[in-house]
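Structural characterization, general
Chain residues, written in single-letter form:
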Amino acid sequence: MKSRQEVMERVAEANAQFYSAIENGDIDLMQSVWADEHEAPDLVCVNPGWPLLRGRAEIMRAWSLVMANVTYIQYVLTETHIGVGGDIAMVTCEENVLTAEDDSTGFVAGGKVVTTNLFVDTGEGWRLWSHHASPVLMDDEGEDGD
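Here goes a summary of the coordinates provided. Values in this document were obtained by computation on a predicted structure and should not be read as measured data.

1. Concerning the overall build of the protein
On a plain count of helices and strands, the protein comes out with three helices and six strands. Along the protein, helices (α) and strands (β) appear in the sequence α-α-β-β-α-β-β-β-β when read from the amino end. Of all 146 residues assigned to the protein, the portion counted as buried reaches 34%. Sequence-distant contacts in the protein: of pairs separated by 6 or more residues, those separated by 24 or more amount to 48%. Within the structure as shown, the protein displays about 8400 Å² of accessible surface, and the carbon and sulfur contribution to it stands at 51%.

Here it is as structure tokens:
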């Protein structure tokens, strides 16, 4: 039986792999991060500004599109909290996102997104069941809006 600390570390690693897949444009890693539908029914993904994506095939198509069209993206995760109950884990965090474009020599845009990632413990380890990300609106001075 795994210790609580070991479980938390494995969930944290699964969460890190999700962001690594996006940053590196690695669709194979992204496919291994998400659960299969027999392991976690009704997979869902909500990215800021996108409609709800339902099912593994639709989610993978969307991530393929994102990876094909984003030149550079980096996530700095803050306020990360992990909760585990049995075979389900929830990771909440703030994604501080930096992006750039092909013809740019430097930083282009940044933003903050709050995220909930649900994982399920499978025979393959902890795998993503649901990703829900929502933008944090900033006021004119760049502070979080109330």
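More follows now that the structure is in view.
2. A closer look at the packing of aromatic side chains
In this structure the tally under the stated criterion is three aromatic pairs. Their ring planes at 70° and their centres at 4.9 Å tell us that Phe 18 and Tyr 19 sit as a pair that is edge-to-face. Comparing Phe 18 with Tyr 19, the two get one shared label, buried. These aromatic residues form a ring-pair network of at least three members: Phe 18, Tyr 19, Trp 63 and Tyr 75.

3. Some details on unusual backbone geometry
Backbone geometry places Asp 42, a non-glycine residue, at a positive phi of 60°. Note that Asp 42 resides in the loop between helix H2 (27-33) and strand S1 (44-46). Here the phi dihedral of Glu 79 falls at roughly 50°; this positive angle occurs in a residue that is not glycine. Relative to the elements of secondary structure, Glu 79 occurs in strand S3 (residues 72-85). You can call Glu 79 exposed: its relative accessible area is 53%.

Calculation criteria
- Residues numbered from 1 in each chain as written.
- Predicted model: local features only at pLDDT ≥ 70, side-chain atom pairs only at ≥ 80, totals over all residues.
- Heavy atoms only, no water.
- Helix = DSSP H or I, 4+ residues; strand = E, 2+ residues; numbered from the N terminus.
- Buried < 20%, exposed > 50% of the residue type's maximum accessible area, 1.4 Å probe, protein only.
- Contact = heavy atoms within 4.5 Å.
- Areas by Shrake-Rupley, 256 points an atom, 1.4 Å probe, with all protein chains shown as cover.
- Phe/Tyr/Trp six-rings, centres within 6.5 Å; stacked < 30°, edge-to-face > 60°.

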